[in-house]
Amino acid sequence: MTLERFLIIGAILFSIGLYGVLSKKHSIAVLMSLELMFNGINVTAVALSRYTVPYLLTTHSGEKVVQYLLTGQIFTIFIITVAAAEVALGLAIIIAIYRTHQSVLLTDSNQLKN
Amino acid sequence: MNSFITTDELLLIAPEISMVILATLVIILDLVIKNKSILNFVASFGLLVPIALSFNLLDGTSQFAFAGALRVDYFGVFFKIITLFATLITILISEKYSKKFDDYQGEYYALILISASGMMLLASSVEFITIYIALELSALPLAALITFIRIRSSAESGIKFMVLSALSSAILLYGMVLVYGFTGTTYIEDLSQIINRSLINSELTFGGGALLLGVILITCGFAFKISSAPFHMWAPDVYEGAPTPITAFLSVASKAAGFAVILRIVYSSFSNEQIGMDWSVLIATLSAISMTLGNLIAIQQTNIKRLFAYSTIAQAGYIMVGLAALSSLDGGQDNAGPAGILFYLFGYLLTNFAAFTVITLVSINTNSDSISSYSGLLKRSRLLTLIMTISMISLIGLPPSVGFMAKIYIFGSAMDTGLQWLAIFGVLNSVVSAFYYLKIVKIMLIDENENSEKIQLTTNMSLAGLSCVFGIVILGIFPGSIIEVAHRAVESII
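Draft legend 1. Main features of the overall build of chain B. Of regular secondary structure, chain B possesses 21 helices and two strands. Its C-alpha radius of gyration of 22 Å places chain B within 12% of the 23 Å reference for a compact globule of 494 residues. In terms of principal-axis extent, the alpha carbons of chain B reach across some 75 × 55 × 40 Å. Every one of the 494 residues in chain B was classed for burial, and the buried ones make up 66%. In chain B, the proportion of contacts linking residues at least 24 apart, taken out of those at least 6 apart, comes to 81%. Only carbon and sulfur atoms are counted for the fraction: they give 67% of the accessible area of chain B, which is about 16,600 Å².

Draft legend 2. Examining the nonpolar core more closely. Residues and elements named next belong to chain B. Judged by nonpolar contacts, the single largest core of 203 residues is most densely connected at Phe128, Phe308, Tyr374 and Met388. Per-element tally for this core: the top contributor is helix H15 (residues 336-366), with 18 residues. Counting contributing residues per domain, this core is built from domain 1 (1-270) and domain 2 (273-494), each supplying no fewer than three. With sequence-adjacent residues up to four places away left out, Phe308 is seen in contact with Tyr239, Asn352, Ala355, Phe356, Ile359, Met388, Met392 and Leu395.

Draft legend 3. Focus on the interface of chain A and chain B. The interface is formed by 54 residues belonging to chain A together with 50 residues belonging to chain B. When chain A packs against chain B, the two sides together hide about 4,400 Å² of surface, and 72% of this comes from carbon and sulfur. Taken together, chain A and chain B are joined by zero salt bridges. Sorting the residues of the side of chain A that touches chain B by element identifies helix H1 (3-23), helix H2 (27-51) and helix H3 (71-101) of chain A as the ones contributing at least two each. Here the element with the most residues in the side of chain A that touches chain B is H3 of chain A; it accounts for 18 residues.

Draft legend 4. Up close: the packing of aromatic side chains. Residues and elements named next belong to chain B. In total, this model carries 14 aromatic pairs over all chains according to the counting rule given. On the basis of an interplanar angle of 35° and a centroid distance of 4.7 Å, the ring pair of Phe41 and Phe45 is categorised as tilted. Here Phe45 and Phe41 lie together in helix H3 (residues 37-46), a separation of four residues that amounts to about one turn. The exposure class assigned to Phe41 is partly exposed, which follows from its relative accessible area of 49%.

Draft legend 5. Expanded view of the pattern of salt bridges. Residues and elements named next belong to chain B. Enumeration over the complete set of coordinates arrives at eleven salt bridges over all chains. The salt bridge partner of Arg306 is Asp237, with a shortest N-O separation of 3.2 Å. Taken together, the residues span a long stretch of sequence, with Arg306 in helix H14 (residues 304-327) and Asp237 in helix H11 (residues 234-241) at a distance of 69 residues. Across the pair, Asp237 and Arg306 agree in class, each one buried.

Draft legend 6. Expanded view of unusual backbone geometry. Residues and elements named next belong to chain B. Here the bond from Ala229 into Pro230 is cis, since omega is -5°, no more than 30 degrees from zero. With respect to the helices and strands, the residue Pro230 is situated in the loop between helix H10 (209-225) and H11. In this chain, Pro399 is followed by Pro400 through a cis amide linkage whose omega measures -5°. Within the secondary structure layout, Pro400 lies in the loop between helix H17 (382-396) and helix H18 (402-416). A positive phi is found at Ser227, a non-glycine position, where the angle reads about 45°. Looking at the secondary structure, you find Ser227 in the loop between H10 and H11. A residue is classified by how much of its surface remains accessible, and Ser227, at 1% relative accessible area, is buried. With a phi angle near 55°, Asn367 is a residue other than glycine that sits in the positive phi range. Residue position: Asn367 is located in the loop between H15 and helix H16 (377-380). Its relative accessible area of 65% is what places Asn367 among the exposed residues.

Draft legend 7. Representation of the packing of H15 of chain B against H18 of chain B. All names here are of chain B. Contact pair H15 / H18: the axes reach a minimum separation of 9 Å and the direction vectors enclose 160°. In terms of orientation, H15 and H18 fall into the roughly antiparallel class. Crossing geometry of H15 relative to H18 is assigned as left-handed. The residues of H18 that touch H15, namely those facing Ala336, Gly337, Ala339, Gly340, Ile341, Phe343, Tyr344, Gly347 and Thr351, are Val402, Met405, Ala406, Lys407, Tyr409, Ile410 and Ser413. Class assignment of the residues belonging to the contact of H15 with H18 gives a composition of ten nonpolar, five polar and one charged.

Draft legend 8. Representation of the layout of surface pockets in the model. Taken as a whole, the second largest pocket holds about 650 Å³ of empty space. As for the second largest pocket, its lining consists of 26 residues, and the residues nearest its centre are Val21 and Leu22 of chain A together with Lys160, Val163 and Leu164 of chain B. Within the residue set of the lining of the second largest pocket, elements represented by two or more residues are H1 of chain A together with helix H8 (152-183), H10 and H11 of chain B. Broken down by element, the residue count for the lining of the second largest pocket peaks at seven residues, all from H8 of chain B. Split by residue class, the lining of the second largest pocket holds 15 nonpolar, six polar and five charged.

Draft legend 9. Quick look at the side chain of Glu16 of chain B. Structurally, Glu16 of chain B is set in helix H2 (residues 14-32). Here Lys80 of chain B takes part through its side chain, which lies 3.1 Å from a polar atom of the side chain of Glu16 of chain B.

Draft legend 10. Fine view of the side chain of Glu127 of chain B. Residues and elements named next belong to chain B. Within the element layout of this structure, Glu127 appears in the loop between helix H6 (105-124) and helix H7 (128-146). There is no salt bridge for the buried Glu127, and the closest opposite charge comes from Arg264, which lies 12 Å off by N-O distance. Within the local environment of Glu127, its side chain forms a polar contact with the backbone nitrogen of Ile129, the two atoms lying 3.3 Å apart. In contact with Glu127, not counting residues within four places along its chain, are Ala69, Thr186 and Tyr187.

Draft legend 11. Structural detail: a nonpolar patch on the surface. All names here are of chain A. A surface patch of nonpolar side chains, about 340 Å² in accessible area, is lined by Ile8, Ile12, Ile16 and Leu36. The element best represented in the nonpolar patch is H1, accounting for three residues. Within the element layout of this structure, Ile16 appears in helix H1. A relative accessible area of 45% means that Ile16 is categorised as partly exposed.

Draft legend 12. Structural detail: the domain arrangement of chain B. Residues and elements named next belong to chain B. According to the domain assignment, chain B consists of domain 1 (1-270) and domain 2 (273-494). Taking the mean C-alpha position of each, domain 1 and domain 2 sit 21 Å from one another. Taken together, the contacts link 55 residues of domain 1 with 57 residues of domain 2. For the pairing of domain 1 and domain 2, the buried interface totals around 5,100 Å² over both sides, and the portion due to carbon and sulfur atoms is 75%. Counting the surface domain 1 buries against domain 2, the share from its top three residues, Tyr74, Lys96 and Tyr267, is 15%. Our count for the contact surface shared by domain 1 and domain 2 stands at two salt bridges. Arg306 is the partner of Glu240 in a salt bridge, and the nearest nitrogen-oxygen pair spans 2.5 Å. In this assembly, domain 1 and domain 2 are joined by 13 residue pairs in polar contact (both at pLDDT 80 or more). Secondary structure elements with two or more residues in the side of domain 1 that touches domain 2: helix H5 (74-97), helix H9 (188-201), H10, H11 and helix H12 (244-269). Considering every element that reaches the side of domain 1 that touches domain 2, the biggest residue donor is H12, with 15 residues. Of the residues belonging to the side of domain 1 that touches domain 2, the class tally is 34 nonpolar, twelve polar and nine charged.

What counts and how
Residues numbered from 1 in each chain as written. Chains lettered and ligands numbered in written order. Predicted model: local features only at pLDDT ≥ 70, side-chain atom pairs only at ≥ 80, totals over all residues. Heavy atoms only, no water. Helix = DSSP H or I, 4+ residues; strand = E, 2+ residues; numbered from the N terminus. Rg over C-alpha atoms; globule rule 2.2 N^0.38 Å. Buried < 20%, exposed > 50% of the residue type's maximum accessible area, 1.4 Å probe, protein only. Contact = heavy atoms within 4.5 Å. Areas by Shrake-Rupley, 256 points an atom, 1.4 Å probe, with all protein chains shown as cover. Core = buried A, V, L, I, M, F, W, Y, C linked by side-chain atoms within 4.5 Å. Domains from an automatic or database assignment. Buried area = accessible area lost by both parts, 1.4 Å probe. Salt bridge = Lys/Arg side-chain N within 4 Å of Asp/Glu carboxyl O. Phe/Tyr/Trp six-rings, centres within 6.5 Å; stacked < 30°, edge-to-face > 60°. Axes fitted to C-alpha atoms, helices over the stretch in contact; angles between N-to-C directions. Parallel < 35°, antiparallel > 145°, perpendicular 65-115°, else oblique. Left-handed = near helix turned anticlockwise from the far one by under 90°. Nonpolar A, V, L, I, M, F, W, Y, C, P; charged D, E, K, R; others polar. 1 Å grid on protein atoms, 1.4 Å probe; cavity = no way out; pocket = protein on both sides within 12 Å on 5 of 7 lines; lining within 4 Å. Points joined across faces, edges and corners; volume = space filled by probe spheres on them. Polar contact = N/O pair within 3.5 Å; in protein donor to acceptor, adjacent residues only side chain to side chain. Lys, Arg positive; Asp, Glu negative; His and termini not counted. Patch = residues over 30% accessible without salt bridge, like charges linked within 9 Å, V, L, I, M, F, W, Y side chains within 5 Å.

Below, the structure written as structure tokens:
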């Protein structure tokens, strides 16, 4: 497996997600598409972290230290955590929408317009 | 690098920690106390602690915390103080408004405080993961706050904000991950060295297509946060449906935090001459589109919150003039542009909150946000008319107001860096904006209204409104001290 393949898979997942967010009418489907986008990013981050040689320029404290960096993986863990919080909040808002609109279709949320 | 958290590091983020403690305290008090009006008092007076702690950090030194992820310097603390003032005024003007949601007042104040702590963290973060976490910490509570009133329009703006904010974070993240992958670092300080090195080895912009794509995606993500065109579409809908004090908070604090990160990234990574020129053209174009679009669409608005949303888009355009002026530096460093941004944001904080104090009171009294409900305001409350008029004068940029000084400063920096066309564009746009701002003044002063019942101001409201107006006028006449502080802040991030 080469780095390119992972990057292509990541880009495809991201693009499908982006298309879904922009085109889906159902708000749950939009949330799912958002997840897809985040997963595309996760694949890219982990692949980049694994395949590119991590070199460290420590200018922060002045001294040079050689370390194996797992920044990409750590990034992914944070993304997964925040995405989970985002979905929880998204579902709460969708319930609020359902209570006021009796529908979760985004096409029914069109009260605010010029 | 030390992997343990030291006491010194905790002291550096003491303002944020005290914000979160205050938020927890407000929630706990909400559970045990019957008289909810005390929550507003606790939240606003409690804010004096983080404000004092922030001023305590304003000693001119730059210190790193948490393995270099946070950089507490003059610049960061300046933005922390802007955010804290914005939070304080938001809480003061929420006093009457929060009666709308009796049972949830504790959560309302706590969410404002938590969101503000995210923005404060954002102002001093210098590393991609930290930037992302801080960004989400400020955006997620905001989404909940926007949905706070149980009516159709509020829920609708909530979902719009949530989805678009997540979408923009995803785009931003993809950019960050690509930049990380092709430079091997997430620290924006190291990034500049690597980008400069790759420029020497290659003819391509940013040393390659992937890195360029990453930078473009990051730019798009942040353009959403500051509601600059062409990523501004969310602003009018969200501003209209959100609770009025939250609209004010969104338009000032959230935007200031966005500009803080952009300035940090641009200043430390892209200040290279070769990239600087490309960057400057891009930002200048976005800025011109933002101003024109915001002002032209604002003219047609009949709802005051929508009008202010478009006005905010136009103001983002003016502020971006300073960002464009920063990048077209010819060899020598010129701090006038970025310092102008800091001064403009401070002035904008005062001006917009003065206006929103009035908007909040009028919307409570008339239950309407339409501009026509401002007719005959002079007879109903002289003080409110005065506050609104001065705020409008400052938004147009007429002397003697802080808006005038800020515009002179920011357009002046554009003239100095060879962006004359942009400065002229900005001035022309200010003339266009005078039309709709003065229309509000005309409606307040001249138009008649059958409802001539007096509007009662509470102490908190008049305190917020009058201190903003006082600040607008004083800084319009003596801007020197804040400009000096802004210059010191910009020097601290180089």
